[in-house]
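Commentary on secondary and tertiary structure
These are the residues of each chain, in order.
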Amino acid sequence: MKELRLPVEADTVEFGRRLGGLLRAGDLVLLSGPLGAGKTAMTRGIAEGLGVRGRVSSPTFVIAREHRAGERGVALVHVDAYRLGGHLDELDDLDLDTELVDAAVVVEWGEGVAERLSDDHLLIRLTRLDDDVRLAELHPQGTWTTRELP
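Residues numbered from 1 in each chain as written. Predicted model: local features only at pLDDT ≥ 70, side-chain atom pairs only at ≥ 80, totals over all residues. Heavy atoms only, no water.

Within the protein chain one finds four helices and seven strands. The linear arrangement of helices and strands in the protein chain, starting from the amino end, is β-α-β-α-β-β-α-α-β-β-β. When contacts within the protein chain are restricted to residue pairs at least 6 apart in sequence, those whose partners lie at least 24 apart make up 63%. Carbon and sulfur atoms make up 46% of the accessible area of the protein chain, which totals about 7400 Å². (Helix = DSSP H or I, 4+ residues; strand = E, 2+ residues; numbered from the N terminus. Contact = heavy atoms within 4.5 Å. Areas by Shrake-Rupley, 256 points an atom, 1.4 Å probe, with all protein chains shown as cover.)

This brings us to the packing of aromatic side chains. On inspection of all chains with the given rule, the structure shows zero aromatic pairs. Sitting over the face of the ring of Trp-109, Lys-39 holds its NZ or CZ atom 4.1 Å from the ring centroid. Geometry around Trp-144 places Arg-147 over its ring, the cationic atom sitting 3.9 Å from the centre. (Phe/Tyr/Trp six-rings, centres within 6.5 Å; stacked < 30°, edge-to-face > 60°. Lys NZ or Arg CZ within 6 Å of the ring centre and 35° of its normal.)

A separate point is the side chain of Asp-27. Examined against the element boundaries, Asp-27 turns out to sit in the loop between α1 (9-20) and β2 (28-32). Only 2.7 Å separates the side chain of Asp-27 from the side chain of Arg-147, close enough to count as a polar contact. (Polar contact = N/O pair within 3.5 Å; in protein donor to acceptor, adjacent residues only side chain to side chain.)

Here it is, written out as structure tokens:
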């Protein structure tokens, strides 16, 4: 496990940008943490690092949003599993295992729900401390354990 302190939102976005610069099609990133922990801010950074097109916002009401690939050629599928309420059948209906072939997939509220999409994934647990500093714990699984993390 790797742990990072992210003092302000810009640090969360910047870490996401560095991570997005490393992502490739087939990668799965699970973001976990309470409301306001920085999951969507990190995803905005990941999108910038990937160079995808389109504004990134929380996909809460659409559950999943696809951002077309930019110059790097890797699309981003941004999922909000919060509204799924742990219903794995609904996750299957999103057909994310198919998306994992052509895109990087980021699942907010994904811990305990989306791990089964791939044994190879990076879980990032975000915690908002009392002083508004974000703490990011990186838990690599599968081939992520041998990859360089930002």
